[in-house]
Amino acid sequence: TWDNDNTKNQNICAINKIISKLQDEEIKIILFTTPLHDYYLESFSISQKNNFIDLKNNLSKKFGLNIWRDTQHISHHQNVTIFNEDIAEMIMENIEK
C-alpha cells in the first residue's frame, strides 16, 4: 500500500531497477497510466495523488520516458475495449519505429 513507506520504497526501487535493466538491453519501454473512474480517484488522499504524480514525473525525467495518459479517456463505459485498442495501436506504432 502507499501508506507503508517501506513497501512503497521497495516498489519504487524495483521499478527503477527494471527500467534500468531494460534500457541497458536497449529494450524500448512504454509506460502509461490507465484511466480511473472518479469514484475511485476520490478515495485517494491528496498526498497519495501527489506521490503518484511525483513518481511518474521522476521516472520520466530519470529515464527519458514519455508516459502516455489521457484523463479524458473513457474509463467507465460499456465500450471500454476502445481503451485496449488505443493501447494496442500505441504499442504497434512504437514497434514499427
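This is a predicted model, so every value here is computed, not measured.

Looking now at the packing of aromatic side chains. Enumeration according to the criterion identifies one aromatic pair in this entry. With 5.0 Å between their ring centres and 90° between their planes, Tyr40 and Phe44 make a pair best called edge-to-face. Under the relative-accessibility criterion, Tyr40 is labelled partly exposed at 45%.

Moving on, we come to helix α3 (residues 46–63). Across its 18 residues, α3 extends 26 Å between first and last C-alpha, which sits within 8% of the 26 Å expected from 1.5 Å per residue. Residues of α3 that are buried include every one of Gln48, Leu55, Lys56, Leu59 and Phe63, and no others. When α3 is viewed along its axis, its buried side chains cluster within an angular range of 90° and face the same direction. Relative to its buried face, α3 has exposed residues pointing more than 90 degrees away, namely Ile46 and Lys61.

Cut-off values and rules
- Residues numbered from 1 in each chain as written.
- Predicted model: local features only at pLDDT ≥ 70, side-chain atom pairs only at ≥ 80, totals over all residues.
- Heavy atoms only, no water.
- Phe/Tyr/Trp six-rings, centres within 6.5 Å; stacked < 30°, edge-to-face > 60°.
- Buried < 20%, exposed > 50% of the residue type's maximum accessible area, 1.4 Å probe, protein only.
- Helix = DSSP H or I, 4+ residues; strand = E, 2+ residues; numbered from the N terminus.
- Expected span 1.5 Å × (residues − 1).
- Arc of directions from axis to C-beta.

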